[in-house]
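Structural features, examined
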Amino acid sequence: MALFKKLLLVCCLLFSWQASAAEIDFSGFATIAGGLTLDEDEALAGYDDKFSFDNGSLIALQASSDLGNGWGVTAQLLARGSEQWDMNAEWAYVSYDASDNWRLLFGRQRAPFYMYSDFLDVSYAYHWIEPPSGVYSLPFDVFDGVGSIYSSSMGEFDSTIQLAYGRNRDGAVLVGEERDTDFSEFLSASWTLNRDWLTLRASYARAELVIPFDEFQPLLDGWRGTVTFAGIADDLELSDDSGNFSSFGFIVDRESFLLIGEVTKVDPGDNFFPDQDSYYVTLGKRFGDVLLHVTYGEDEDVSDYTIFANVPAGVDPGLDFLLAQSQGVLASVEEDSSFYTIGLRWEVSSSVAAKFEFTKFEDEQPLLAAEASLFQFALTTVF
Amino acid sequence: MKLFNKLSITSLLLSLFVLAPAVSAEVVVITNPSNSASLSESDVKRIFLGKMKSFPGGGTILSVNQSAGSDVRKTFDKVALGKSPSQMKAYWSKLVFSGKGNPPKELANDAEVIKLVAENPAVIGYIDAANKTSDVKVVATYK
């Protein structure tokens with residue numbers, strides 16, 4: 001009965017809201033993607049050697065309303081096949097246009113790390129099925145907080161400066177497990193310059209990181225127990241660390257040619273996660289309704305072993321054990337990989353594009369050397 | 001029923017032939033006669049891409065589009081903006097789904113654009129040159 005009353009109240013509120021104010025604009029986008037790896041024991045980007053349709057598929061609905069005097073409200077609800085189509089709010093914000101050139105966003109929004117961050121899930125807006133995962137690899141991509149978008153013209157260039165401040169406590173899958181992550185005091189700045197066919201972008205972001213890794217607790221306790229080398233536990237533990245991210249990107253979209261590149265650097269702070277250097281370059285050419293493209297990229301994640309520099313080897317078996325275990329952990333998270341993707345985007349209809357991609361991935365990191373070949377296709381649309 | 005089908009196919013074909021030349025027709029960008037702003041081709045491009053939001057002499061710009069799929073829209077997108085319909089769709093989807101902006105409002109035909117431009121000095125639109133009237137001022141011409 002109480003539930004019924006609540007529902008009734010919600011209905012009344014909705015009706016009165018609609019009657020009093022606002023027109024609500026609905027829009028949306030969808031990607032239905034499928035793929036498989038070409039060999040039995042290969043797995044890549046969530047695909048294995050059996051064809052799957054759910055992994056890269058998603059559908060989103062956006063509702064927005066103009067509240068007058070520069071105010072607006074927008075919600076973007078997104079369901080992913082890889083999350084059993086559970087619907088989550090990817091964006092949920094109130095916006096305020098302080099002037100023609102300055103917009104503020106309050107609430108849940110995308111963290112503007114990368115060139116394609118803002119419309120990461122809108123596959124229709126770019127040529128790949130999704131942006132290269134080596135570069136697009138940070139463990140969170142939305143935050144709750146305040147965003148500021150300021151656009152102006154600088155001579156022949158249009159300039160956009162985007163600032164963001166907030167926090168993310170959504171949790172993330174890291175080292176194979178779902179973790180209770182806390183990325184606080186997230187602060188980012190990005191600057192985009194655009195002129196006709198040229199776009200240049202630079203960004204910087206930082207956050208305080210707390211991510212519990214229970215499986216490493218015995219190791220941390222071990223180091224703390226040595227007293228002399230207790231500092232090593234702090235160098236490994238992911239708690240109250242300050243992580244930094246920077247990137248640079250460019251797009252040349254001239255006549256039928258497309259040239260895109262993005263370089264990123266991640267310094268996760270003093271913990272067992274390695275520094276990460278990644279980049280990709282894409283070359284594409286349009287032939288009428290078809291865009292052919294090829295992308296090459298590398299991802300190098302290197303651990304810092306100098307934290308063990310003062311630990312004497314062969315003196316104490318307990319210490320040797322701790323050292324070997326810790327070095328093993330650092331080695332297991334390193335990466336030295338490269339990939340290339342050959343793909344095609346085809347405008348099937350006025351708002352539907354079909355995409356086909358072949359990706360060859362290779363990791364030469366000695367411990368986890370792996371390679372995989374992946375075939376993917378997708379139908380993408382906006383509506 | 002069969003006759004109807006044939007008729008509709010015939011009329012469809014006819015309309016294709018009749019409409020086809022319109023794609024290469026002249027398109028003019030129009031403002032209210034009281035608007036003294038002079039606009040370069042680059043200004044027009046930036047206005048209809050949502051990058052330029054006020055007139056050189058001041059005053060907020062309200063740009064209006066024609067309906068997607070209309071010939072005048074296709075010509076304008078291609079000649080004035082240098083983009084295909086799907087490139088334009090991709091362009092606006094980047095802004096719409098990232099809280100950065102909204103595409104110009106779509107009006108149904110030239111007459112509606114003329115009507116709104118004639119009423120409101122902030123409005124800028126484009127129409128088939130053949131339909132221009134003395135109620136509006138031509139600020140740019142595209143062939």
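Criteria and thresholds
- Residues numbered from 1 in each chain as written.
- Chains lettered and ligands numbered in written order.
- Predicted model: local features only at pLDDT ≥ 70, side-chain atom pairs only at ≥ 80, totals over all residues.
- Helix = DSSP H or I, 4+ residues; strand = E, 2+ residues; numbered from the N terminus.
- Rg over C-alpha atoms; globule rule 2.2 N^0.38 Å.
- Buried ≥ 20, exposed ≤ 12 C-beta atoms within 10 Å, placed from the backbone.
- Contact = placed C-beta atoms within 7 Å.
- Nonpolar A, V, L, I, M, F, W, Y, C, P; charged D, E, K, R; others polar.
- Arc of directions from axis to C-beta.
- Core = buried A, V, L, I, M, F, W, Y, C linked by C-beta atoms within 7 Å.
- Pairing = 2+ DSSP bridges.
- Axes fitted to C-alpha atoms, helices over the stretch in contact; angles between N-to-C directions.
- Parallel < 35°, antiparallel > 145°, perpendicular 65-115°, else oblique.
- Left-handed = near helix turned anticlockwise from the far one by under 90°.
- pLDDT = per-residue confidence, 0-100.

1. A short note on the overall build of chain A
On a plain count of helices and strands, chain A comes out with 4 helices and 18 strands. Compactness check: chain A gives a C-alpha radius of gyration of 24 Å against a globular reference of 21 Å for 383 residues, within 12% of the reference. Reported as C-alpha extents along the three principal axes, the dimensions of chain A are approximately 80 × 55 × 55 Å. Buried residues in chain A amount to 33% of all 383 residues.

2. A short note on the interface of chain A and chain B
Every contact between the two is made by 25 residues of chain A and, on the other side, 16 residues of chain B. Looking at the side of chain A that touches chain B, the elements that each hand over two or more residues are strand E1 (24-37), strand E3 (71-80), strand E4 (87-97) and strand E5 (102-110) of chain A. Classifying every residue of the side of chain A that touches chain B by side-chain character gives 11 nonpolar, 9 polar and 5 charged.

3. Regarding helix H5 (residues 110-119) of chain B
Residues and elements named next belong to chain B. Within the sequence span of H5, burial applies to Asp-110, Val-113 and Val-117. Viewed end-on, H5 has its buried residues packed into an arc of 60°, placing them on one side of the element. Facing away from the buried surface of H5 by more than 90 degrees, the exposed residues are Ala-111 and Glu-119. Where H5 is buried, its residues touch strand E1 (27-31), strand E2 (62-66), helix H3 (71-79), strand E3 (105-107) and strand E4 (123-128).

4. Regarding the nonpolar core
Within the largest apolar cluster, 53 residues are counted, with the highest numbers of intra-cluster contacts made by Phe-29, Val-122 and Tyr-124 of chain A. Element by element, the count of residues in this core is highest for helix H4 (residues 85-96) of chain B, at 4 residues. Non-local contacts of Phe-29 of chain A, meaning those with residues more than four positions away in its chain, are made with Ala-60, Val-122, Tyr-124, Thr-381 and Val-382 of chain A together with Ser-93 and Phe-97 of chain B. With 22 residues, the next largest nonpolar core counts Val-29, Ile-30, Leu-107 and Ile-124 of chain B among its residues.

5. Structural notes on the pairing of strand E10 (residues 182-195) of chain A
Residue and element names in this part refer to chain A. By the bridge criterion, 10 bridges tie strand E7 (residues 157-168) to E10 in an arrangement that is antiparallel. Its bridge partner lying in E10, Tyr-165 is registered against Leu-187. From the end of E10 to the start of strand E11 (residues 198-210), which pair antiparallel, there are 2 residues, and Asp-196 there has a positive phi angle of about 50°.

6. Quick word on the pairing of E2 of chain B
All names here are of chain B. Of the strand pairs in this sheet, E2 and E4 are connected by 2 bridges, and their pairing is parallel. Within E4, the residue paired with Leu-62 across the bridge is Val-123. Two elements, E2 and E3, share 3 bridges in a ladder whose sense is parallel. Bridge assignment links Val-64 to a residue of E3, and that residue is Lys-105.

7. Focus: the sheet that holds E4 of chain B
Residue and element names in this part refer to chain B. Here we have 5 strands laid out as an open sheet, ordered E3-E2-E4-E1-E5, and mixed in their pairing. With one partner strand each, in any of the chains shown, E3 and strand E5 (137-142) form the two edges of the open sheet. Between one strand axis and the next, the sheet turns by 30° as a mean value, whatever way the strands run. Strand contacts of H5: E1, E2, E3 and E4, with the helix running at about 150° to E4, the strand carrying the most contacts.

8. Observations regarding the environment of Thr-133 of chain B
Residue and element names in this part refer to chain B. Position of Thr-133 relative to the elements: it lies in the loop between E4 and E5. With 13 C-beta atoms counted inside 10 Å, the residue Thr-133 sits in the partly exposed group. The spacing of Thr-133 and Lys-115 is 18 residues in sequence and 10 Å in space, taken between C-alpha atoms.

9. A look at the packing of helix H2 (residues 217-225) of chain A against helix H4 (residues 317-332) of chain A
All names here are of chain A. For the pair H2 and H4, interaxial distance at closest approach is 10 Å and the crossing angle is 140°. The orientation of H2 relative to H4 falls into the category oblique. The way H2 lies across H4 gives a crossing that is left-handed. Taking contact as the criterion, the partners of Leu-219, Gly-222 and Trp-223 in H2 are, on H4, Leu-322, Gln-325 and Ser-326.

10. Comments concerning the environment of Asp-241 of chain A
All names here are of chain A. In this structure, Asp-241 sits in strand E12 (residues 239-254). Accessibility expressed as a C-beta count within 10 Å gives 19 for Asp-241, which makes it partly exposed. Each C-alpha atom of the pair Asp-241 and Ile-211 lies 9.5 Å from the other, and the pair is 30 residues apart in sequence. Those residues in contact with Asp-241, other than ones at most four positions away along the chain, are Leu-209, Pro-268, Gly-269, Asp-270 and Asn-271.

11. Here's the deal with the confidence of the model for chain A
Counting all residues, the mean pLDDT for chain A is 90, and 95% of those residues have values of 70 or more. Below pLDDT 50 for its whole length, residues 1-16 of chain A participates in 0 contacts with residues either more than four positions away or in separate chains.

12. Here's the deal with the environment of Glu-362 of chain A
All names here are of chain A. When you line up the elements, Glu-362 lands in strand E17 (residues 352-363). Judged by the 14 C-beta atoms lying within 10 Å of it, Glu-362 falls in the partly exposed class. C-alpha of Glu-362 to C-alpha of Ile-260: the two residues are 102 residues apart in sequence and 22 Å apart in space.

13. Digging into the confidence of the model for chain B
Close inspection of predicted coordinates is inappropriate for parts of the model with low pLDDT. All names here are of chain B. When the pLDDT values of chain B are averaged, the result is 85; 83% of them are 70 or greater. Per-residue pLDDT, averaged within each element of chain B, yields its smallest value for helix H1 (residues 2-19) (46) and its largest for E4 (96). For residues 1-23, every residue scores under 50 in pLDDT, and the model assigns this stretch 5 contacts once sequence neighbours within four places are set aside. Scored by ipTM, the complex comes to 0.85, with pTM at 0.86.

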